[in-house]
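Residue-level structural notes
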Amino acid sequence: GAVVSQHPSRVICKSGTSVKIECRSLDFQATTMFWYRQFPKKSLMLMATSNEGSKATYEQGVEKDKFLINHASLTLSTLTVTSAHPEDSSFYICSAREFGGPTNTEAFFGQGTRLTVV
Amino acid sequence: AQSVTQLGSHVSVSEGALVLLRCNYSSSVPPYLFWYVQYPNQGLQLLLKYTSAATLVKGINGFEAEFKKSETSFHLTKPSAHMSDAAEYFCAVSQSGAGSYQLTFGKGTKLSVIP
């Protein structure tokens with residue numbers, strides 16, 4: 001199956017700094033990527049839908065200025081957590097669906113990034 | 001609008017016993033349905049998917065699920081549990097139709113396998 005690579009897998013940062021998480025589709029083109037946040041023992045919460053070449057669509061309650069999403073190419077989307085605070089600590093996961101594929105194709109997920117803000 | 005309900009946040013079975021994880025969905029249009037598995041600190045891996053073909057879907061690792069429209073269900077089963085099946089399982093739905101890429105996930109069911 002298609003591979004989505006997410007980097008880094010784990011990051012610890014100081015409060016007030018910014019952290020960038022990359023999501024790459026390695027062997028397919030993805031016009032649309034999704035960013036999720038997963039709290040402990042909870043399901044995946046969709047944060048935003050990232051569209052190549054255009055602004056991301058954020059879900060209600062997600063701060064656009066705090067979670068900056070850039071989708072500069074068909075294989076790369078980035079999520080930047082700006083001015084991170086301890087409450088931003090979480091597991092972030094990206095997923096992608098293949099460009100031009102039928103809508104019944106599954107989404108491929110990255111390995112996730114464990115962010116800890118100290 | 002679409003939603004997914006997974007009954008039971010935690011299921012424990014003995015090794016070799018039947019695994020049954022329940023999923024009910026609601027969707028205003030014919031749905032596509034998915035089961036994903038997540039191991040600790042990892043992303044999600046697709047187990048199987050229903051996309052309006054056969055109602056009984058076979059997936060990886062011996063799992064299968066049956067789409068029952070009348071019951072709006074898509075329960076996941078495996079005849080004999082292995083220790084390696086211990087993980088978190090998520091049921092998800094997306095809507096058929098062009099441009100409908102968004103997945104809606106259930107809250108997940110943690111499967112424990114007892115030796």
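Residues numbered from 1 in each chain as written. Chains lettered and ligands numbered in written order. Predicted model: local features only at pLDDT ≥ 70, side-chain atom pairs only at ≥ 80, totals over all residues. Heavy atoms only, no water.

**Here's the deal with the state of the cysteines**
Chemically, a disulfide is nothing more than a covalent bond linking the sulfur atoms of two cysteines. Spelled out, the test is: Note on terminology: pairs of cysteine sulfur atoms within 2.5 Å are recorded as disulfides. Helix and strand definitions follow DSSP, with helices as H or I runs of at least four residues and strands as E runs of at least two, each counted in order from the N terminus. Exposed residues in this analysis have more than 50% of their type's maximum accessible area, buried residues have under 20%, and partly exposed residues fall in between, with area computed by a 1.4 Å probe over protein chains only.
Inspection of every chain in the model, using the stated rule, returns two disulfides over all chains. Between C23 of chain A and C94 of chain A runs a disulfide, and the two sulfur atoms are separated by 2.0 Å. Judged by the torsion about the S-S bond (80°), the C23 of chain A/C94 of chain A disulfide is right-handed. Of the two residues, C23 of chain A sits in strand 3 (residues 19-25) while C94 of chain A sits in strand 9 (residues 90-97), which places them 71 residues apart along the sequence. This pair shows no difference in class: C23 of chain A is buried, exactly as C94 of chain A is. With its sulfur 2.0 Å from that of its partner, C23 of chain B forms a disulfide with C91 of chain B. Here C23 of chain B and C91 of chain B share a disulfide; its torsion about the S-S bond, -65°, makes the bridge left-handed. Of this pair, C23 of chain B sits in the loop between strand 3 (19-21) and strand 4 (24-27) while C91 of chain B sits in strand 10 (residues 87-95), placing them 68 residues apart in sequence. In this model C13 of chain A remains outside any disulfide bridge; the closest cysteine sulfur is found in C94 of chain A, 18 Å from its own.

**Some words on the packing of aromatic side chains**
Rules: Pairing of aromatic rings covers Phe, Tyr and Trp, the last counted by its six-membered ring, and requires centre-to-centre distances within 6.5 Å; plane angles under 30 degrees mean stacked, over 60 mean edge-to-face, and any other angle means tilted.
In this structure the tally under the stated criterion is 13 aromatic pairs over all chains. Relative to F105 of chain B, the ring of Y36 of chain B lies with its centre 6.0 Å away and its plane at 50°, an arrangement referred to as tilted. A residue pair is termed long-range when its members are at least 10 positions apart, and Y36 of chain B in strand 5 (residues 31-38) and F105 of chain B in strand 11 (residues 104-105) qualify at 69 residues. Taken individually, Y36 of chain B and F105 of chain B each receive the classification buried, so the pair is uniform in this respect. With a centroid separation of 6.4 Å and 50° between ring planes, the pair formed by Y50 of chain B and F74 of chain B is classed as tilted. Residue Y50 of chain B is located in strand 6 (residues 44-50), and its partner F74 of chain B is located in strand 9 (residues 73-78); the two are separated by 24 residues in the primary sequence. Residue classification places F74 of chain B among the buried positions, given a relative accessible area of 0%. Ring pairs connect the aromatic residues Y36 and F109 of chain A together with F34, Y36, F90 and F105 of chain B, which therefore count as one cluster.

**Structural notes on the pattern of salt bridges**
All names here are of chain A. Short version of the rule: A carboxyl oxygen of Asp or Glu within 4 Å of a side-chain nitrogen of Lys or Arg is what we treat as a salt bridge.
For the structure on display, the rule yields four salt bridges over all chains. For K66, the salt bridge identified is with D88, shortest N-O distance 2.9 Å. One end of the pair, K66, is in the loop between strand 6 (57-58) and strand 7 (67-73); the other, D88, is in the loop between strand 8 (76-81) and strand 9, with 22 residues separating them in the sequence. For K66, a relative accessible area of 11% corresponds to the buried category.

**Considerations on the pairing of strand 4 (residues 32-38) of chain A**
Residue and element names in this part refer to chain A. The line we're drawing: What makes two strands pair is DSSP finding at least two bridges between them.
Counting buried positions along strand 4 yields seven of seven residues, so the element is predominantly enclosed. Burial along strand 4 is two-sided: the face carrying T32, F34, Y36 and Q38 and the face carrying M33, W35 and R37 are both buried. Looking at chain direction, strand 4 and strand 5 (residues 44-51) are connected through seven bridges and run antiparallel. Within strand 5, the position partnered with Y36 by the bridge is L46. Pairing of strand 4 with strand 9, which is carried by seven bridges, proceeds in the antiparallel orientation. Bridge pairing in strand 9 links R37 to Y92.

**Quick look at the sheet that holds strand 7 of chain A**
Residue and element names in this part refer to chain A. Convention followed: Only the contacting stretch of a helix is used when fitting its axis, a line to C-alpha atoms as for every element, and angles between N-to-C directions run 0 to 180 degrees.
Pairing is antiparallel in the open sheet, where four strands are placed in the order 1-3-8-7. Looking along the sheet, the strands with just one partner apiece sit at the ends: strand 1 (4-7) and strand 7. Going across the sheet, the axis of each strand differs from the next one's by a mean of 15°, ignoring polarity. Bridge count between strand 7 and strand 8: five bridges; the pairing is antiparallel. Across the sheet, residue I69 finds its bridge partner in strand 8, namely L79.

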